Amino acid sequence: MNVSVKTPSAGTMPIDHVSITALERELKGTVLTQGSPGYDEARTVWNAMIDRRPRLIVRCASAGDVIKSVQFATAQGLLIAVRGGGHNIAGNAICDDGLVIDLSQMKSVRVDPEARRARVEPGATLADLDRETQAFGLAVPTGINSTTGVAGLTLGGGFGWITRKFGLTIDNLLSAEVVTADGKLVRASAKENGDLFWALRGGGGNFGVVTAFEFELHPLGPTVLAGLVVHPLADAANILKDYRRIVKSAPDELTCWVVMRKAPPLPFLPAEWHGREILALAMCYAGDIKAGETAMAELRSLGKPIADVIGPTPFTGWQAAFDPLLTPGARNYWKSHDFVQLSDGAIELLIDASHNLPGPECEIFIAHVGGAAGRVPLEASAFPQRDAHFVMNVHTRWRESSMDEAYIGWARKLFAAAAPHASGTAYVNFMPGDEADRVEAAYGNNYRRLAGIKRRYDPANLFRMNQNVRPAAA
Ligand SMILES: Cc1cc2nc3c(=O)[nH]c(=O)nc-3n(C[C@H](O)[C@H](O)[C@H](O)COP(=O)(O)OP(=O)(O)OC[C@H]3O[C@@H](n4cnc5c(N)ncnc54)[C@H](O)[C@@H]3O)c2cc1C
């Protein structure tokens with residue numbers, strides 16, 4: 001089975017050392033080439049399936065470095081990849097042969113507590129952002145794994161534990177500074193370059209390299225009510241039907257996601273449950289602790305849980321709660337669908353698949369979105385699906401390359417079987433590298449406008465190492 005996705009055609013002209021030295025002299029950051037110390041580390045991303053060898057990695061230290069890198073790649077005819085946190089399942093942060101604009105060293109997060117705003121550089125992780133904002137009791141909604149990059153997450157949309165209360169990450173984006181394909185730095189906001197601002201909010205890295213994000217912040221925590229209730233998978237049918245009913249009328253403050261997998265050896269689980277099939281309800285209340293206890297009561301009263309470990313928790317800790325299960329270095333393949341409703345058929349199918357997980361690190365996630373994110377009009381941003389309240393993400397995860405076929409085949413089979421229950425759109429940030437032909441459907445009604453904006457800002461499709469929107473024909 002061919003699973004490794006070759007990067008789109010790259011320039012093959014040799015690059016002479018004089019040009020590289022001249023580039024280096026102009027930069028605040030550094031250039032790594034094959035053989036440089038640190039090259040292998042710099043080309044390694046979260047998903048160990050990705051093993052690509054760019055010719056140059058420019059470790060940018062400023063927007064000026066990004067401009068020089070875009071100009072250099074254009075002059076040399078090199079394919080460009082852009083690296084934020086390097087977490088994307090598709091591995092688009094790294095290309096073969098071309099030039100990687102590596103933003104991972106640009107990590108500054110500056111909070112203005114009076115204005116409730118944060119200016120964030122594109123190498124910051126969710127942990128970097130939460131650490132700074134929570135120092136002021138403020139937060140911006142992001143995702144559930146603290147080592148994820150703010151940049152890629154934001155450009156695709158971004159949702160997590162406090163999205164139902166405060167909206168998607170992009171709903172809190174006030175402005176962005178972007179280096180476009182012509183090597184110019186522009187600002188995009190509701191008032192400046194409005195079409196670019198629309199496209200950046202969901203359209204991924206298609207429109208340029210974002211060198212700074214400005215977010216609106218909200219008071220939160222620093223302690224929230226959060227944790228897990230763990231059930232035997234055998235009880236999943238009843239639990240999931242009750243879950244579906246309860247979350248339908250849940251307050252925006254309450255978010256509860258479902259994880260079905262084999263139990264990891266967590267200290268709060270009785271030893272006899274380690275390795276056995278479980279369903280976990282993972283929940284967080286973005287508000288007052290007492291109100292959270294009331295809001296969670298019905299979900300916590302379901303069935304006969306193996307463990308209930310919900311309590312007041314530092315928000316930054318809860319944001320990192322899943323990190324130990326999602327460490328870099330494993331082989332990963334994901335398949336995702338948007339569901340407007342969690343139908344009986346979908347529930348049955350997902351439970352059945354959870355009884356047949358191919359390995360101990362595989363899991364099926366059901367994210368519950370909606371709330372404030374669902375009340376934003378579809379046409380307000382490029383994010384394609386405001387009605388989908390549930391997002392299925394099949395995390396297939398293993399260690400040995402000899403097992404690629406078995407694991408990937410399992411995920412694809414489940415994905416195909418679940419398709420009749422799904423809306424047809426998809427979250428681009430959960431799409432693997434072999435779904436290039438799904439991008440148009442993923443964006444649904446927003447694709448046409450995105451393609452038009454792509455033609456305006458990147459007519460030659462310079463930025464194509466992403467879930468690629470092709471420039472509309474002239
Ligand atoms: C373990 C794990 C958990 C996750 N959980 C969530 C979750 O809870 N919620 C959620 O919404 N998402 C989640 N995601 C998905 C995540 O949003 C995407 O993987 C996202 O692309 C990661 O961003 P990054 O900057 O780390 O990735 P990268 O791999 O660095 O980049 C991803 C894409 O964005 C482009 N890009 C990156 N930075 C820039 C920039 N500055 N300018 C232009 N283009 C850029 C890249 O070229 C690439 O195409 C999760 C991912 C992982 C691996």
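Residues numbered from 1 in each chain as written. Predicted model: local features only at pLDDT ≥ 70, side-chain atom pairs only at ≥ 80, totals over all residues. Heavy atoms only, no water.

## Focus on the pattern of salt bridges
- Counted under the stated rule, the structure contains 26 salt bridges.
- Between Asp308 and Arg300 there is a salt bridge, with its nearest N and O atoms 3.0 Å apart.
- Judged by relative accessible area, which is 34%, Asp308 ranks as partly exposed.
- By relative accessible area, Arg300 is classed as partly exposed at 25%.
- Three or more residues are tied together by salt bridges with common partners; here these are Lys107, Asp128, Arg131 and Glu132. (Salt bridge = Lys/Arg side-chain N within 4 Å of Asp/Glu carboxyl O. Buried < 20%, exposed > 50% of the residue type's maximum accessible area, 1.4 Å probe, protein only.)

## Regarding the nonpolar core
- Counting residues in hydrophobic clusters, the biggest one holds 59 residues, and the most contacted among them are Leu240, Tyr243, Met260, Leu279, Leu281, Met283 and Phe339.
- In contact with Leu281, not counting residues within four places along its chain, are Gly227, Leu228, Val229, His231, Ile239, Tyr243, Cys256, Trp257, Val258 and Leu299. (Core = buried A, V, L, I, M, F, W, Y, C linked by side-chain atoms within 4.5 Å. Contact = heavy atoms within 4.5 Å.)

## A closer look at the site of the ligand
- Around the ligand there are 35 residues in total, and Val82, Gly84, Gly86, Phe159 and Tyr427 lie nearest to it.
- A distance of 3.1 Å separates an oxygen atom of the ligand from a polar backbone atom of His87.
- Between a nitrogen atom of the ligand and a main-chain N or O atom of Val210, the distance comes to 2.9 Å.
- For the ligand, whose unbound accessible area comes to 950 Å², protein coverage reaches 97%.
- Here the ligand is seated within the largest cavity.
- Put simply, the parts of the chain that give the shell around the ligand at least two residues each are strand E3 (80–83), helix H5 (150–156) and strand E10 (209–216).
- Considering only residue class, the shell around the ligand consists of 18 nonpolar, 16 polar and 1 charged. (Near = heavy atom within 4 Å. Polar contact = N/O pair within 3.5 Å; in protein donor to acceptor, adjacent residues only side chain to side chain. Areas by Shrake-Rupley, 256 points an atom, 1.4 Å probe, with all protein chains shown as cover. 1 Å grid on protein atoms, 1.4 Å probe; cavity = no way out; pocket = protein on both sides within 12 Å on 5 of 7 lines; lining within 4 Å. Sits in = over half its atoms within 2 Å of the grid points. Helix = DSSP H or I, 4+ residues; strand = E, 2+ residues; numbered from the N terminus. Nonpolar A, V, L, I, M, F, W, Y, C, P; charged D, E, K, R; others polar.)

## Some details on the sheet that holds E10
- Here 5 strands make up an open sheet; going across it, the order is E5-E6-E10-E8-E9 and the pairing antiparallel. Edge positions in the sheet fall to strand E5 (109–112) and strand E9 (185–189), since each of these pairs with one other strand and no more. Taken pair by pair, the neighbouring strands of this sheet meet at an average axis angle of 15°, ignoring direction.
- Bridge count between strand E8 (residues 173–179) and E9: 5 bridges; the pairing is antiparallel. Bridging from a neighbouring strand, Ala176 pairs with Ala188 of E9.
- The sheet strands contacting helix H4 (residues 126–134) are E5 and strand E6 (117–120), and the helix crosses E5 at an angle near 30°. (Pairing = 2+ DSSP bridges. Axes fitted to C-alpha atoms, helices over the stretch in contact; angles between N-to-C directions.)

## A look at the packing of helix H1 (residues 17–26) against helix H3 (residues 63–76)
- With their axes 11 Å apart at the nearest point, H1 and H3 run at an angle of 165° to one another. Our classification of the angle between H1 and H3 gives roughly antiparallel. Once H1 is placed against H3, the crossing between them reads as right-handed. For the pair H1 and H3, the contacting residues are Ser19, Leu23 and Glu26 in the first and Lys68, Phe72 and Gln76 in the second.
- Its residues assigned to classes, the contact of H1 with H3 comprises 2 nonpolar, 2 polar and 2 charged. (Parallel < 35°, antiparallel > 145°, perpendicular 65-115°, else oblique. Left-handed = near helix turned anticlockwise from the far one by under 90°.)

## A closer look at the pairing of E5
- The side-chain alternation of E5 yields one buried face, formed by Val109 and Val111, and one unburied face, formed by Arg110 and Asp112.
- Sheet topology places E5 next to E6; 4 bridges connect them, and they run antiparallel. Looking at E6, one finds that Arg110 is bridged to Arg119.
- Connecting E5 to the next strand, E6, in antiparallel fashion are 4 residues, including Arg116 with a positive phi near 55°.

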